[in-house]
Structures are given as structure tokens and as C-alpha cells.
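What follows is each chain in one-letter form.
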Amino acid sequence: MGLVAVLVLLAGGIATTAILLANGDDGDEKAGDDPTSQTTSATSSPSESPTERPTEATSEGVPAPPTSPTGPITPYSPTDDTGDDIHTDVKAADFPGDWNFKLGDVEQHAKLRGSWDYDSCSQVEASSALTQQRCDYAVQWNFSALGGKARVVHLFLVFDTQPHAKAAAASLEDKDFDLRDGSLFADFKQGKWHKSTYGNVIAVTIGTTNATVPDKDLQSLVSYMNTDYRVALSFKGGF
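Residues numbered from 1 in each chain as written. Predicted model: local features only at pLDDT ≥ 70, side-chain atom pairs only at ≥ 80, totals over all residues. Heavy atoms only, no water.

Asker: Explain the packing of aromatic side chains here, please?
Answerer: The description of an aromatic ring pair uses the distance of the two centres, along with the angle that the planes make with each other. Overall, the coordinates contain 9 aromatic pairs when judged by the stated rule. Plain terms: the ring middles of Phe95 and Tyr229 are 5.8 Å apart, the flat faces sit at 90° to each other, and that makes the pair edge-to-face. Taken together, the residues Phe95 in the loop between strand 4 (52-53) and strand 5 (99-103) and Tyr229 in helix 2 (residues 215-236) connect sequence positions 134 residues apart. Tyr229 shares its class with Phe95; the two are buried. Geometrically, the ring pair formed by Phe101 and Tyr224 is tilted, given 5.1 Å between the ring centres and 35° between the ring planes. Here the residue Phe101 occupies a position in strand 5, and Tyr224 occupies one in helix 2, the gap between them amounting to 123 residues. For the pair shown, Phe101 and Tyr224 are each scored as buried. Site record: aromatic cluster; members linked through ring pairs are Phe95, Trp141, Phe143, Phe156 and Tyr229. (Phe/Tyr/Trp six-rings, centres within 6.5 Å; stacked < 30°, edge-to-face > 60°. Helix = DSSP H or I, 4+ residues; strand = E, 2+ residues; numbered from the N terminus. Buried < 20%, exposed > 50% of the residue type's maximum accessible area, 1.4 Å probe, protein only.)

This is how it looks when you write it as C-alpha cells:
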């Protein structure tokens, strides 16, 4: 995005101001890593109801993927932490409602379709790709945007430590996700995704369309939403 700007963040319950240093580090070196935006081939094809943590947000009652019994590759050890690591928690109720964003000439809006607090990462992953890297739990928001032509999912993947989140983000691919049915368009025309990190949390935003839209519009929507929620998480604190 190539910006050095003051952001006024207005994502549902988000109302804060932050400095965004893009086109390089997405924030403090210890807090936010370089973002990655890519075209996605992800689809949503789950079939069973999830085990969820309580949430005040609503859903559309669509099913979710089955849980996975596979645990971390190696047990977590407190020695994996360093003194300046950032550790925070998040839940769907922290950022309720629709997403409305404006920065200069850029204006984006997305209507909330549903949100979920999961008690593990198994409800959003394929083949235990996240759990094996010590992902503790996930939070998901579903949105409709671009006049109903786009479905967008924003995820916070919460890991046990900052180093584990950073390592997982480096190898994260769109094929690692298996989202609840209806989250994205099953037979989408276009797909984009964007990932970044804050401390022990990976922020992932995935967007698909059911009709052709300008590629830059979908990319802008996905990238700005990811950055907005990630920076808002950093202002939430809790570390």
C-alpha cells in the first residue's frame, strides 16, 4: 500500500487511531510482521457442527468442519518465550458489528453475516495444519461486501507464543484452511487473501466473489480489513 499515514479505525466496535507503516514492517518489529497478500484457491467445504466457545455474536446456522484429534508436533515449553514477547487474547465480541473504514479517498464497508469463537483451531484448518504448530484457538467473522458480490472472512488465529505464531505465518498457505460452509462462495470467480501477525496472533483475511469485479477492489477490501483489525488488536492490549 506504500502508506505512512494516520488511520482512523472504524471497524464495528473499533474506534481508535494508529500509525500504520506499510510497505515494510506492519507495525513494531516485535508486534507485526510483513503482510502477505495473495490470490486464493481456498474453498469452504465443511460438514459438521463445531464445538464453539460462547459468543454474543450471531451466526447463520451453517455447519462447520469436524474437529481434528491431532495435537501439536511438540509440547509447548515456557522456555520458548522471551521477556519481550507479546501475548494477547481475543474474542468475537471485542469487535462486533459491521466494518466501516475510511482513510483519505479510500472507503470500505462490509456487512457482518456472523461471528464465532472456536475453542480450538480445528474448525478452520485442513489436516491439522494449524494445530500441529500450536495454534490454540480461532475467532472468525464473516462479511458481505461489494454490493453482495463478495464474501469476506476475517480470522484471528491465536497461538501459545509469539515465536510459534511467527513461524506458522511464514509457511501459512490458503490450502491450510477449511472453513465452515457458506463462509466463502463455493464456486467463486475471484479470490484474494492477506496475512499478517501481531504478537502471538496471526490475522488472516480471505475474500471471494460470485461475479467479476475490478481486481484492485477485492484486493483493497481484503488488505485494508486485515490491517485494520490487526492494528485494532494491538490497541486492545492484553499483553
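The rest of the description comes next.
Asker: Any chance you could explain the pattern of salt bridges here in plain terms?
Answerer: Once the charged atoms of two side chains with opposite charge are near each other, the side chains can pair. Scanning the entire structure with this criterion turns up 6 salt bridges. We note a salt bridge from Asp94 to Lys236, for which the minimum N-O separation is 3.8 Å. Of this pair, Asp94 sits in the loop between strand 4 and strand 5 while Lys236 sits in helix 2, and the two are 142 residues apart along the sequence. The exposure class of Asp94 is partly exposed, given its relative accessible area of 21%. Residue classification places Lys236 among the partly exposed residues on the basis of a relative accessible area of 35%. Linking Lys102 and Glu107 is a salt bridge whose minimum nitrogen-to-oxygen distance equals 3.8 Å. Given a relative accessible area of 45%, Lys102 falls into the partly exposed group. Glu107 gets classed as partly exposed once you look at its relative accessible area, which sits at 45%. (Salt bridge = Lys/Arg side-chain N within 4 Å of Asp/Glu carboxyl O.)

Asker: In this structure, what is going on with the pairing of strand 10 (residues 201-209)? I would like to understand it.
Answerer: Two faces make up the sheet, and in a regular strand the side chains alternate between them. Within strand 10, 9 of the 9 residues are buried, leaving the element largely enclosed by the surrounding structure. Here strand 10 shows two buried faces, one formed by Val201, Ala203, Thr205, Gly207 and Thr209 and the other by Ile202, Val204, Ile206 and Thr208. Sheet topology places strand 8 (residues 150-159) next to strand 10; 9 bridges connect them, and they run antiparallel. Opposite Val152, over in strand 10, you have Gly207 as the bridge partner. With 9 bridges joining them, strand 9 (residues 190-198) and strand 10 adopt antiparallel strand pairing. From the neighbouring strand, Trp193 faces strand 10, where its bridge partner is Ile206. Where strand 9 hands over to strand 10, the hairpin turn is made up of 2 residues, of which Gly199 adopts a positive phi near 55°. (Pairing = 2+ DSSP bridges.)

Asker: Hey, could you run me through the nonpolar core in this one?
Answerer: Soluble, globular proteins show a tendency: their nonpolar side chains are buried together. With 29 residues, the main nonpolar core has Val90, Trp99, Trp141, Phe143 and Phe156 as its most contacted residues. Mapped onto this core, the elements with two or more residues apiece are strand 5, strand 7 (135-145), strand 8, strand 10 and helix 2. For this core, the leading source of residues is helix 2, giving 8 residues. One finds Leu130, Leu172, Leu184 and Trp193 within the second-largest nonpolar core, a separate group that totals 22 residues. (Core = buried A, V, L, I, M, F, W, Y, C linked by side-chain atoms within 4.5 Å.)

Asker: Help me out: how do you make sense of the pairing of strand 7 in this one?
Answerer: Across the 11 residues that make up strand 7, a large majority, 9, are buried. Pairing between strand 6 (residues 106-118) and strand 7: 7 bridges, direction antiparallel. Paired with Gly114 across the two strands is Asn142, which belongs to strand 7. Of the strand pairs in this sheet, strand 7 and strand 8 are connected by 10 bridges, and their pairing is antiparallel. Its bridge partner lying in strand 8, Asn142 is registered against Val153. Counting the residues that bridge the hairpin from strand 7 to strand 8 gives 4 residues, and of these Leu146 lies at a positive phi of roughly 55°.

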